[in-house]
Amino acid sequence: MPNIRLCHVDELDPVEGQSFELADGSAVVVFKRGARVLAWHNNCPHRGIRLEWQPNQFLDDEKQFIQCATHGALFGVEDGVCVAGPCPGEQLSPLPCRVEQGVVYLQQNRS
Ligand code: FES
């Protein structure tokens, strides 16, 4: 499967996440942290629903953790691990991504 082009890395906010809809109907949230780009399935492990309460609003008030809008679970931006809320220790599902010549790609490993 070809890699999926998401955006130019400069289009990502330096703090807040950016949501992308994929052709298969799933959604991805992408964060930029310095030179790194992190991608997670936009899917809360508590109930399997989307995380955000408004478009591209994923972080808590302190802009420190990803916060699920439904029951308030908090997840680390860099490790996806739930640190508070109804599903402690569970993790967002990571998606491999890379930046090539300034363009962010999701790597498709599915066969
Ligand atoms: S659905 Fe996310 S915390 Fe319940």
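Thresholds, definitions, all that
Residues numbered from 1 in each chain as written. Predicted model: local features only at pLDDT ≥ 70, side-chain atom pairs only at ≥ 80, totals over all residues. Heavy atoms only, no water. Pairing = 2+ DSSP bridges. Helix = DSSP H or I, 4+ residues; strand = E, 2+ residues; numbered from the N terminus. Axes fitted to C-alpha atoms, helices over the stretch in contact; angles between N-to-C directions. Buried < 20%, exposed > 50% of the residue type's maximum accessible area, 1.4 Å probe, protein only. Contact = heavy atoms within 4.5 Å. Core = buried A, V, L, I, M, F, W, Y, C linked by side-chain atoms within 4.5 Å. Lys, Arg positive; Asp, Glu negative; His and termini not counted. Salt bridge = Lys/Arg side-chain N within 4 Å of Asp/Glu carboxyl O. Polar contact = N/O pair within 3.5 Å; in protein donor to acceptor, adjacent residues only side chain to side chain.

Undergrad: Quick question: what am I supposed to make of the sheet that holds strand E7 (residues 82–84) here?
TA: Backbone hydrogen bonds are what pair the strands of a sheet, in a parallel or an antiparallel way. Spatial strand order, E5-E6-E7: three strands in an open sheet with antiparallel pairing. Only two strands of the sheet have a single partner each, and these edge strands are strand E5 (65–67) and E7. Neighbour-to-neighbour, the strand axes of this sheet turn through a mean angle of 40°, independent of strand direction. Bridge count for E5 against strand E6 (residues 74–76) is three bridges, and the pairing is antiparallel. When the bridges of E6 are listed, Phe65 appears paired with Gly76.

Undergrad: Got a minute to help me understand the environment of Pro86 in this structure?
TA: Mapped onto the elements of the fold, Pro86 is located in the loop between E7 and strand E8 (94–95). By relative accessible area, which is 40% here, Pro86 ends up partly exposed. Taking the C-alpha atoms as reference points, Pro86 and Pro45, 41 residues apart in sequence, are found 9.7 Å from one another. Dropping the residues within four chain positions of it, Pro86 is found in contact with His46, His71 and Ala73.

Undergrad: When you look at the nonpolar core in this model, what are you seeing that I'm missing?
TA: It is characteristic of soluble globular proteins that their nonpolar side chains tend to be buried jointly. Membership of the largest hydrophobic core comes to 16 residues, with the highest contact counts inside it found for Phe31, Trp40, Leu51, Ile66 and Phe75. If near-sequence neighbours (up to four positions away) are discounted, Phe75 is found in contact with Cys44, Pro45, Leu51, Phe65, Ile66, Cys68, Gly80, Val81, Cys82, Cys87, Glu90 and Leu92. Membership of the second largest hydrophobic core comes to 14 residues, among which are Cys7, Val9, Leu12 and Leu22.

Undergrad: It is not clear to me how the side chain of Lys32 should be interpreted in this structure. Could you clarify?
TA: As for its placement among the helices and strands, Lys32 is situated in strand E3 (residues 27–33). Buried Lys32, no salt bridge; nearest opposite-charge side chain is Asp10, N-O distance 4.6 Å. In this structure the side chain of Lys32 is engaged in a polar contact, spanning 3.5 Å, whose partner is the backbone oxygen of Leu12. Those residues in contact with Lys32 that sit more than four places away from it in its chain are Val9, Asp10, Leu12, Asp13 and Pro14.

Undergrad: In this structure, what is going on with unusual backbone geometry? I would like to understand it.
TA: Trans peptide bonds make up most of the peptide bonds, and negative phi angles are found at most residues other than glycine. Even without being glycine, Asn56 reaches a positive phi, approximately 55°. For Asn56, the location among the structural elements is in the loop between strand E4 (36–41) and E5. Residue class for Asn56 comes out partly exposed when judged on its relative accessible area of 26%. One non-glycine residue, Lys63, lies in the positive phi region at around 60°. Of note, Lys63 is situated in the loop between E4 and E5. Lys63 gets classed as partly exposed once you look at its relative accessible area, which sits at 44%.

Nothing here speaks to function; it is geometry throughout.
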